[in-house]
Amino acid sequence: MTDRPLLAVRDLRVTLRGRGGTPVHAVRGLSFDVRPGEVLGLVGESGAGKSITAHTVLGMAPHGATVGGSVDLDGRELVGASPAVLRSLRGRRMALIPQNALSALSPVHTVGGQLVRALRSNRRMSRARAWRLAVEALDRAGIPDAARRARAHPHEFSGGMRQRAVIAMATVNEPDLVFADEPTTALDPVMQARVLDRLRELRERTGTAIVLITHDLGVVGGYADRTVVVYAGRHVESGPAVPVLTAPRAPYTAGLVASLPPLEATDRRLPTIEGAPSAPESPPGGCAFAPRCPHAREVCRTEEPAPLPTGEPGRLVSCHRLTDLPDPLTHPFAPTPR
Ligand SMILES: Nc1ncnc2c1ncn2[C@@H]1O[C@H](COP(=O)(O)OP(=O)(O)OP(=O)(O)O)[C@@H](O)[C@H]1O
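Residues numbered from 1 in each chain as written. Predicted model: local features only at pLDDT ≥ 70, side-chain atom pairs only at ≥ 80, totals over all residues. Heavy atoms only, no water.

- Going by an unreviewed UniProt entry, the protein chain carries the name ABC transporter ATP-binding protein and comes from Nocardiopsis lambiniae.
- What the UniProt record of the protein chain gives under Sequence similarities (unreviewed entry) is the line "Belongs to the ABC transporter superfamily."
- The UniProt entry for the protein chain carries the following comment under Subcellular location (unreviewed entry): "Cell membrane". (UniProt positions renumbered as here; feature names shortened; annotations may be inferred.)

Structure follows, in structure tokens:
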């Protein structure tokens, strides 16, 4: 693994058209890097802008979206790139494992046939060789009896198998970068672990970098090297995953961590973050988390905080109160010096 980013997202801004044409500010100046071969956990509550970020990087932002800022994939600027260029990069250099596995598979073709098509649209090869590679990819993704199952249609697969078939599909061309959007949300815990293990194996075998999009901090702690916490389309905190999760510095991260169930059973009620995120149609002027933050001061309500280095390697925190709150901020609702 090197420090040179494979993907550099800088000041990404994505505005969508909501109901009646109202602008929806889904991503508001987000910056982060993905390094070659790493697993990066992109975390935040529902609506934080995680999926839109992934879709935009892949050149698949919703119709009518306005995109600003820069997305650099290995030296190539993707914002403003032509649909043909983006299409040629998808599959070969970067791929998406979408939230809904069924949406990624055609109901009318066999699973193996779809993999063959994905392979042959990127490289010249015989059908027989593509079929062999397709079966291998399904086998590696954990589909039992892959040679036979390759001839089946997606509806003949269980939910977990379908998800693994989608992983095979997204990774069959061994792209440099895969966005896995909530790849385990619909699965039971055993199947979740299997799917995540397959992704980890893929990274180890091919050096593919994986952006794991999730609201599950447990998944990030268990599988990611680094993490970026986002809130209302903006950066909150980023850095090596375990330090961010065990010693959070931003009140929002601390709130997320505090609301995680502990490993041992407990009768204690878990703290939750009070309130709801602001509507993306009307983001507040200052820090988006200020209306819910027990530590907010006047400056938080008027100025958006920029990411600041904490002094720890690779760690950035966007919080006006970074230097005067306890480190780590174990409990966001604990009394702090005023
Ligand atoms: N096609 C669309 N048109 C208009 N607004 C959209 C569209 N898709 C998403 N949004 C809005 O953009 C914001 C960001 O959505 P996004 O799906 O990226 O969030 P997310 O963090 O991935 O959440 P989740 O975990 O629920 O998928 C939300 O407010 C959402 O309602």
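## Focus on the site of the ligand
Reasoning step 1: Near the ligand you find 15 residues, and of these S46, G47, K50, S51 and I52 are the closest.
Reasoning step 2: Between Q99 and the ligand, the recorded distance is 3.0 Å, taken from a side-chain N or O atom to an oxygen atom.
Reasoning step 3: Counting residues per element, the ones that place at least two in the shell around the ligand are β1 (7–17) and α1 (50–57).
Reasoning step 4: Here the shell around the ligand takes 3 residues from α1, the largest share from any one element.
Reasoning step 5: Residues of the shell around the ligand, tallied by class, amount to 6 nonpolar, 5 polar and 4 charged. (Near = heavy atom within 4 Å. Polar contact = N/O pair within 3.5 Å; in protein donor to acceptor, adjacent residues only side chain to side chain. Helix = DSSP H or I, 4+ residues; strand = E, 2+ residues; numbered from the N terminus. Nonpolar A, V, L, I, M, F, W, Y, C, P; charged D, E, K, R; others polar.)

## Details of the environment of R205
Reasoning step 1: Inspection of the secondary structure puts R205 in helix α7 (residues 189–206).
Reasoning step 2: The partly exposed category is assigned to R205, whose relative accessible area is 42%.
Reasoning step 3: Sequence-wise, R205 and L322 are 117 residues apart; in three dimensions their C-alpha atoms are separated by 39 Å.
Reasoning step 4: Beyond its immediate chain neighbours, meaning those up to four positions away, R205 contacts R140 and E174. (Buried < 20%, exposed > 50% of the residue type's maximum accessible area, 1.4 Å probe, protein only. Contact = heavy atoms within 4.5 Å.)

## Structural notes on empty space enclosed by the protein
Reasoning step 1: Considering all chains together, one arrives at 2 cavities of 30 Å³ or more under this definition.
Reasoning step 2: Here the largest cavity defines a volume of roughly 220 Å³.
Reasoning step 3: Lining the largest cavity are 23 residues, with C287, F289, P305, S318 and C319 sitting closest to its centre.
Reasoning step 4: If you tally residues by element for the lining of the largest cavity, the top one is strand β10 (residues 234–240), at 3 residues.
Reasoning step 5: Taken together, the residues of the lining of the largest cavity sort by class into 14 nonpolar, 5 polar and 4 charged.
Reasoning step 6: Taken as a whole, the second largest cavity holds about 50 Å³ of empty space.
Reasoning step 7: As for the second largest cavity, its lining consists of V39, L196, L199, R200, I210, L212 and Y223.
Reasoning step 8: Secondary structure elements with two or more residues in the lining of the second largest cavity: α7 and β8 (209–214).
Reasoning step 9: No other element matches the 3 residues that α7 contributes to the lining of the second largest cavity.
Reasoning step 10: Classifying every residue of the lining of the second largest cavity by side-chain character gives 6 nonpolar, no polar and 1 charged. (1 Å grid on protein atoms, 1.4 Å probe; cavity = no way out; pocket = protein on both sides within 12 Å on 5 of 7 lines; lining within 4 Å. Points joined across faces, edges and corners; volume = space filled by probe spheres on them.)

## Some thoughts on the state of the cysteines
Reasoning step 1: Taken as a whole and judged by the stated rule, the model has 0 disulfides.
Reasoning step 2: Free cysteine C293: the closest other cysteine sulfur is in C319, separated by 6.3 Å.
Reasoning step 3: Taking the relative accessible area as the measure of exposure, C293 reaches 17% and is therefore buried.
Reasoning step 4: C300 takes part in no disulfide bond, and the closest cysteine sulfur, belonging to C319, lies 6.2 Å away.
Reasoning step 5: When its relative accessible area of 6% is taken as the criterion, C300 is described as buried. (Disulfide = S-S within 2.5 Å.)

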